[in-house]
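Each chain is listed here by its residues.
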Amino acid sequence: MANIKKIAANSVIAFSVLFSLLACGGKASTYWHDPEMDFGSVKTVAVMPFVNATRDQFAAERVRAAFINRLLATGGIYVMPKGEVARGISRAGITDPTAPSPEEIQKFAGIVKVDAVITGTVSEYGEVRSGTSAANVVSVSMQMIEAQTGRVVWSASSTKGGIDVSDRLFGGGGQPMADVTGKAVDDIIDKLFK
Amino acid sequence: MILLGSCASSGLSGAVKSLDAKGKYRIAVLPIENLSGAPAPFKDLRLSIMQKMKQRGMTLLGEEALDRFMEKNRIRYIGGLDGPTADAFRKEADTDAVLISSLERYDETFPAKISLICRLVSTGEHPVVLWADRAGLSGNDSPGLLGLGIIEDPLVLTDKALTLLADSLAGYLSAGEKKGDGVAARRQPPLEGPYRSPVTGYRYQRVEVGGRSSFRPRIEYRSLVIRPDKRYRVAVLPFQNLSVRKNAGEIVALEFIGQLSKLGNVSVVEPGVIREEMLSKRIIMSGGVSLADVDLLSDYPEVDLIVSGTVFDYQDYIGFGGKPKVDFSAQVIDRKSKQLVWASESQNEGDDGVLFFDLGRLNTANAMASEMVGITVGQMMSE
């Protein structure tokens, strides 16, 4: 009986460790589409400056640039040039372009002639360490807001990189930042077109 | 380096012979612009390159005449040439072209490193970039067996870099020297070649910009508006600099100018003209190029494409250990359609092209930027 208890306790510990390791791998992702929205009508979008919740001063700008380029590269949606977006923000008098109100979005969209506006937050960008292992991680979330109504019609988030089981077992420094950023952005774009 | 090497191997004797045969092609050599953010022997570098140009048969505007001209026209900006100044160079100093040089890096710490970007700009009312090239060398570029190939003396390295540039310029002048209406006209290879567009049926000349595939943009978007069989007049704006390296935006823009000017179907507007336009029209582009800016800038005749972008990282290293890093994104806006026709992001490190034993390693950020921009431009303008 004592042996059975011991085996059971060991199994619980082993599974706990395994789940902890897998949880640290960081592959979380979620998304939501407004079922009533016709996404085929969205042909031109403006990508607003992202909220930067990281310690890297230019993390949001890097992720934004990667997102714009990759979204354009899909050929499915045209993205307004960043300079035109900046001009629109200035002309519409948006005080916080990372979190515009529905009224501000409607005004902005009228100026730059876009069908939707995308906002986002970069919550993690950089190296994470655990013990002797280190790896790059990127965590982003985005929203698409319909220009006419100011409603959120799509939302998605993605976390890529981080320390996974193989990093812990065999070492290694993870992937370069640009690769991790690209994967996170591609994941988000996949969720937009799903 | 392969490109530079091929330019250099175009033949010094041939270049000199051709220039002698064609007569005088008067060039003014402006003082060197400092983009390195550090002290360097600018006067020595300038005198050295002038000497090499003279050795290759080029006729230069005299020092006193240049000083008088610069004083009279109150020229303080030496990184470019605006329209009125270029016209004055033509009319007052009887000069056909102006050589503008920008020192990107000069480091005497072992192993020494030097990066110099030069361009030849036509004089007259509408100056264009005739030729542009750069030499980015490090003392340990070719260490060879037991390090016997390492160049320890910074003067030797500098001399090598300046020789490469002078040979490249002589090669250009010998191959494409042409004067039209008193203004040095741009060399335009005929639109002939082994390629024919399957869509339009037009013949065009494809220019292999060269470079390693590992330095390709990580992602790229190209609109069908860009056609390799069409001639373009391109304006390159300074890139937004988000890196810690001073002047990185200007350096990457100069690389784009250099690579674009190598293409036969592209005429690059002298960046000094763009600067003057932006200053006179009070254009401030803190967030990038807006469509209103495109309207204002395209007042300059026949600008078809506007190139801009952002530099996120531009890092060199000091000493032996380390590797350079360059990270930038580029965008091209078409003036007529006012649409983005090209967008790309490039991010590389110096050892990305290494297969084994450090072969293919690049030791200066300038050499890397040149590879990356060269491939970007090739992708942008290829079939």
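Bear in mind that the values here come from a model prediction, so they are computed numbers and not experimental data.

### Focus on unusual backbone geometry
Residues and elements named next belong to chain B.
Right, on to step 1. That bond from F110 to P111 is cis: its omega, -10 degrees, falls within 30 degrees of zero.
Right, on to step 2. Mapped onto the elements of the fold, P111 is located in the loop between strand 4 (97–107) and strand 5 (113–122).
Right, on to step 3. At R74, a position not held by glycine, the phi torsion is positive, near 50 degrees.
Right, on to step 4. Secondary-structure assignment places R74 in the loop between helix 4 (63–72) and helix 5 (83–92).
Right, on to step 5. For K338, which is not glycine, the phi dihedral falls at a positive 55 degrees.
Right, on to step 6. With respect to the secondary-structure elements, K338 resides in the loop between strand 16 (325–334) and strand 17 (339–349).
Right, on to step 7. For K338, a count of 15 C-beta atoms within 10 Å corresponds to the partly exposed category.

### Quick word on the domain arrangement of chain B
Residues and elements named next belong to chain B.
Right, on to step 1. Segmenting chain B into domains produces domain 1 (2–184) and domain 2 (195–381).
Right, on to step 2. The interface is formed by 30 residues belonging to domain 1 together with 27 residues belonging to domain 2.
Right, on to step 3. Mapped by element, the contributors of at least two residues to the side of domain 1 that touches domain 2 are helix 1 (2–8), strand 4, strand 5 and strand 6 (129–138).
Right, on to step 4. The element that contributes the greatest number of residues to the side of domain 1 that touches domain 2 is strand 6, accounting for 7 residues.
Right, on to step 5. Its residues assigned to classes, the side of domain 1 that touches domain 2 shows 12 nonpolar, 9 polar and 9 charged.

### Observations concerning the confidence of the model for chain B
Residues and elements named next belong to chain B.
Right, on to step 1. Chain-level statistics for chain B give a pLDDT mean of 81 and a share of 83% at 70 or above.
Right, on to step 2. Mean pLDDT in chain B bottoms out at strand 8 (residues 183–184), which sits at 27, and peaks at strand 2 (residues 33–34), which reaches 96.
Right, on to step 3. Contacts of residues 1–23 to residues separated by more than four positions or lying in other chains number 33 contacts, the stretch itself having pLDDT below 50.
Right, on to step 4. Below a pLDDT of 50 lies the segment residues 177–212, which in the model reaches 72 contacts outside its immediate sequence neighbourhood of four places, other chains included.
Right, on to step 5. Note on the complex model: pTM 0.82, ipTM 0.79.

### Notes on the environment of F89 of chain B
All names here are of chain B.
Right, on to step 1. Along the polypeptide, F89 turns up in helix 5.
Right, on to step 2. Put simply, F89 and F69 are 20 residues apart on the chain and 7.9 Å apart in space, counted from C-alpha to C-alpha.
Right, on to step 3. If we ignore the near neighbours within four places in the chain, the residues touching F89 are A28, T95, V98 and T123.

Criteria and thresholds
Residues numbered from 1 in each chain as written. Chains lettered and ligands numbered in written order. Predicted model: local features only at pLDDT ≥ 70, side-chain atom pairs only at ≥ 80, totals over all residues. Helix = DSSP H or I, 4+ residues; strand = E, 2+ residues; numbered from the N terminus. Buried ≥ 20, exposed ≤ 12 C-beta atoms within 10 Å, placed from the backbone. Domains from an automatic or database assignment. Contact = placed C-beta atoms within 7 Å. Nonpolar A, V, L, I, M, F, W, Y, C, P; charged D, E, K, R; others polar. pLDDT = per-residue confidence, 0-100.

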